[in-house]
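Here are the chains, one letter per residue:
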Amino acid sequence: MGCFGNVLWFICGGLWQGLSWTLTGILWSITIIGIPIGQQCFKFAFLAFFPFGKEVQYGGSTLSVMANIFWMIFSGIPLAVAAFLNGLLLCCTIIGIPFGLQCFKIAKLALCPFGAVII
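Our subject in this report is the structure included herewith. Treat the numbers as computed from the prediction; the structure is a model and nothing was measured.

**Examining the overall build of the protein chain**
Okay, step 1: If you tally the helices and strands in the protein chain, you get 4 helices and 2 strands.
Okay, step 2: Computed over C-alpha atoms, the radius of gyration of the protein chain comes to 14 Å, within 12% of the 14 Å expected from 2.2 N^0.38 for 119 residues, which places it in the range of a compact globule.
Okay, step 3: Projected onto the principal axes, the alpha-carbon positions of the protein chain cover approximately 40 × 25 × 25 Å.
Okay, step 4: Taking all 119 residues of the protein chain together, the buried fraction comes to 39%.
Okay, step 5: Counting contacts in the protein chain only where the partners sit at least 6 residues apart, residues at least 24 apart contribute 73% of the total.
Okay, step 6: Of the accessible surface of the protein chain, which amounts to about 6900 Å², a share of 80% is contributed by carbon and sulfur atoms.

**Examining helix α4 (residues 97-111)**
Okay, step 1: Under the 1.5 Å per step criterion, the end-to-end length of α4 is 21 Å for 15 residues, consistent within 8% with the ideal 21 Å.
Okay, step 2: For α4, the complete set of buried residues consists of Phe-99, Gly-100, Gln-102, Cys-103, Lys-105, Ile-106, Ala-107, Leu-109 and Ala-110.
Okay, step 3: Against α1 (2-28), α2 (35-49), β1 (56-57) and α3 (62-90) lie the buried residues of α4.

**With respect to the environment of Gly-25**
Okay, step 1: With respect to the helices and strands, the residue Gly-25 is situated in helix α1.
Okay, step 2: Ignoring anything within four residues of it in the chain, the contact list for Gly-25 reads Gly-38, Cys-41 and Phe-42.

**Describing the packing of aromatic side chains**
Okay, step 1: What the rule picks out here adds up to 14 aromatic pairs.
Okay, step 2: Judged by centre distance (6.4 Å) and plane angle (85°), the rings of Trp-28 and Phe-74 are edge-to-face. In this pair, Trp-28 is assigned in helix α1 and Phe-74 in helix α3, connecting sequence segments 46 residues apart.
Okay, step 3: Look at Trp-28 and you get buried, because its relative accessible area is 14%.
Okay, step 4: When the ring of Trp-71 is compared with that of Phe-114, the centres are 6.4 Å apart and the planes differ by 80°; the resulting orientation is edge-to-face. With Trp-71 in helix α3 and Phe-114 in the loop between α4 and β2 (117-118), this residue pair connects regions lying 43 residues apart in the sequence.

**Focus on the nonpolar core**
Okay, step 1: Trp-9, Trp-21, Trp-71, Ile-106 and Leu-109 are the most contacted members of the largest nonpolar core, which totals 23 residues.
Okay, step 2: The set of elements that each furnish at least two residues to this core consists of α1, α2, α3 and α4.
Okay, step 3: Ignoring any residue separated from it by four or fewer positions in sequence, one finds Trp-21 in contact with Cys-41, Phe-44, Ala-45, Ala-48, Trp-71, Leu-79, Ile-106, Leu-109 and Ala-110.

**Points about the side chain of Gln-40**
Okay, step 1: Position of Gln-40 among the secondary structure elements: in helix α2.
Okay, step 2: Apart from residues lying up to four places away in sequence, Gln-40 is in contact with Pro-113 and Phe-114.

**Let's talk about the packing of α1 against α3**
Okay, step 1: Two elements in contact, α1 and α3, have axes whose closest approach is 12 Å; the angle formed by their N-to-C orientations is 175°. Considered as vectors, α1 and α3 are oriented roughly antiparallel to each other. Between α1 and α3, the residues in contact are Trp-9, Gln-17, Ser-20, Trp-21, Thr-24 and Trp-28 and Phe-70, Trp-71, Phe-74, Ser-75, Leu-79, Ala-83, Asn-86 and Leu-90, respectively.
Okay, step 2: Looking at the contact of α1 with α3 residue by residue, the class counts come to 9 nonpolar, 5 polar and no charged.

**Some words on the side chain of Gln-102**
Okay, step 1: Along the chain, Gln-102 turns up in helix α4.
Okay, step 2: Setting aside residues no more than four positions away along its own chain, Gln-102 makes contact with Trp-9, Pro-51 and Phe-52.

Basis of the calculations
Residues numbered from 1 in each chain as written. Predicted model: local features only at pLDDT ≥ 70, side-chain atom pairs only at ≥ 80, totals over all residues. Heavy atoms only, no water. Helix = DSSP H or I, 4+ residues; strand = E, 2+ residues; numbered from the N terminus. Rg over C-alpha atoms; globule rule 2.2 N^0.38 Å. Buried < 20%, exposed > 50% of the residue type's maximum accessible area, 1.4 Å probe, protein only. Contact = heavy atoms within 4.5 Å. Areas by Shrake-Rupley, 256 points an atom, 1.4 Å probe, with all protein chains shown as cover. Expected span 1.5 Å × (residues − 1). Phe/Tyr/Trp six-rings, centres within 6.5 Å; stacked < 30°, edge-to-face > 60°. Core = buried A, V, L, I, M, F, W, Y, C linked by side-chain atoms within 4.5 Å. Axes fitted to C-alpha atoms, helices over the stretch in contact; angles between N-to-C directions. Parallel < 35°, antiparallel > 145°, perpendicular 65-115°, else oblique. Nonpolar A, V, L, I, M, F, W, Y, C, P; charged D, E, K, R; others polar.

Read these as layout, nothing more, since geometry by itself doesn't imply function.
Okay, structure coming up:
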């Protein structure tokens with residue numbers, strides 16, 4: 001399901017979620033202070049484009065927690081809400097449930113991306 005799921009995902013909604021992460025990364029990268037946050041956005045944009053076959057492990061240090069709080073205030077909540085609502089819509093049909101679960105994975109990542117590792 002990995003390759004086929006990623007192709008369907010990209011066509012049916014992953015493009016928009018990946019572009020939202022990319023746009024957020026570009027906006028963060030405008031300032032020198034925001035470049036590390038922008039780099040995280042670009043890393044997770046690839047996950048938003050092709051989420052099937054990948055898992056996210058959460059962890060991190062105190063610095064990651066502080067960065068996640070800062071992130072959540074300025075960018076995390078809108079990205080998480082958009083992914084969560086998209087997931088709810090996709091879970092309305094049986095065929096859309098696997099895609100909705102990927103949206104929920106991205107929504108969780110949008111709330112706390114620092115300290116997270118994609119496997």
